[in-house]
Amino acid sequence: MTKIKAQEEARPGKRTYQELLVNQNPIVQPLASRRLTRNLYKCIKKAMKQKQLRGGVKEVQEFVNKGEKGIMVLAEDTLPIEVYCHLPVMCEDRNLAYMDLGAAAGSKRPTCVIMVKPHEEYQEAYDKCLEEVQSLPLPL
């Protein structure tokens, strides 16, 4: 048995940060750091409990056009990339925070983009994530 297979059997269903980076698109920017990824997953779980998530390209795009605020999280391993390549431009036009994250952002339903909306139950975690996402350098 190889070392990789032994590691996969030890933790089924869980992929490491480095394993997630293997499948990323070539134009992925800005990419979340390991610490920011962990914080965003926690914020996403709290938002799921409060039903403050928007999922899917069509739904997220609809609510961005309506002026809703939040953090947009794009899955970095989506192919073809044309599915959601217009969303970062929309975010920049409306001053919304966005970033790329692997593995469909940890939601139960596989999706290539989600939006985390602010809520008073997890406002502190949301503000911390928002600050970190806004400090990431924008792509050129």
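For every chain, the first residue of its written sequence is number 1, and the numbers climb from 1 along that sequence. With pLDDT at 70 or above as the cut-off, local features in this predicted model cover only qualifying residues; side-chain atom pairs require 80 or more to be listed or tallied, and sums for whole chains, interfaces and linings still use all residues. Only hydrogens and water are set aside; all other atoms, that is, all heavy atoms of the structure, feed into the side-chain values.

1. Focus: the pattern of salt bridges
Part 1 of the argument: Here, a salt bridge means any side-chain nitrogen of Lys or Arg that lies within 4 Å of a carboxyl oxygen of Asp or Glu. Across all of its chains, the model carries five salt bridges by this definition.
Part 2 of the argument: For K66, the salt bridge goes to E62, with nearest N and O atoms at 3.5 Å.
Part 3 of the argument: Categorising residues by exposure relies on relative accessible area from a 1.4 Å probe, with only protein chains included: less than 20% of the type maximum marks a residue as buried, more than 50% marks it as exposed, and the intermediate range marks it as partly exposed. Judged by relative accessible area, K66 falls into the exposed class, the value being 61%.
Part 4 of the argument: E62 gets classed as partly exposed once you look at its relative accessible area, which sits at 37%.
Part 5 of the argument: Salt bridges linked by common partners bring R54, E59, E68 and K117 together as one network.

2. Some words on the nonpolar core
Part 1 of the argument: Each nonpolar core is a collection of buried residues, namely Ala, Val, Leu, Ile, Met, Phe, Trp, Tyr and Cys, held together in the definition by side-chain atoms within 4.5 Å. L36, I71, M99, L101, V116 and Y126 are the most contacted members of the largest nonpolar core, which has 20 residues in total.
Part 2 of the argument: Elements are defined by DSSP. Helices are runs of H or I of four residues or more, strands are runs of E of two residues or more, and each kind is numbered from the N terminus. Those elements that place two or more of their residues in this core are helix 3 (34–49), strand 2 (71–75), strand 3 (97–101), strand 4 (113–116) and helix 6 (123–135).
Part 3 of the argument: Looking at this core, the element that brings in the most residues is helix 3, giving five residues.
Part 4 of the argument: Discounting chain neighbours no more than four positions away, the residues touching I71 are A97, I114, M115, V116, Y126, C129, L130 and V133.
Part 5 of the argument: Within the second largest apolar cluster, 16 residues are counted, among which are V57, I81, L87 and Y98. By definition, residues are in contact when any of their heavy atoms lie within 4.5 Å.

3. Describing unusual backbone geometry
Part 1 of the argument: You will see that K51, though not glycine, has its phi angle at about 60 degrees, which is positive.
Part 2 of the argument: Within the secondary structure, K51 is located in the loop between helix 3 and strand 1 (53–55).

4. Quick notes on the sheet that holds strand 1
Part 1 of the argument: Pairing is mixed across the open sheet formed by four strands, whose spatial order is 1-4-2-3. Each of the sheet's edge strands pairs with one partner strand only, and the pair in question is strand 1 and strand 3. On average, adjacent strands in this sheet sit at an angle of 20 degrees to one another, irrespective of strand direction.
Part 2 of the argument: At least two bridges found by DSSP between two strands are what make those strands a pair. Sheet topology places strand 2 next to strand 3; five bridges connect them, and they run parallel. Along strand 3, the bridge assignment pairs L74 with D100.
Part 3 of the argument: Its contacts with the sheet put helix 3 on strand 1, strand 3 and strand 4, and the angle it makes with strand 3 is roughly 110 degrees. Fitted lines through C-alpha atoms serve as axes, helices being fitted only where they are in contact, and the angles separating the N-to-C directions of these axes extend from 0 to 180 degrees.

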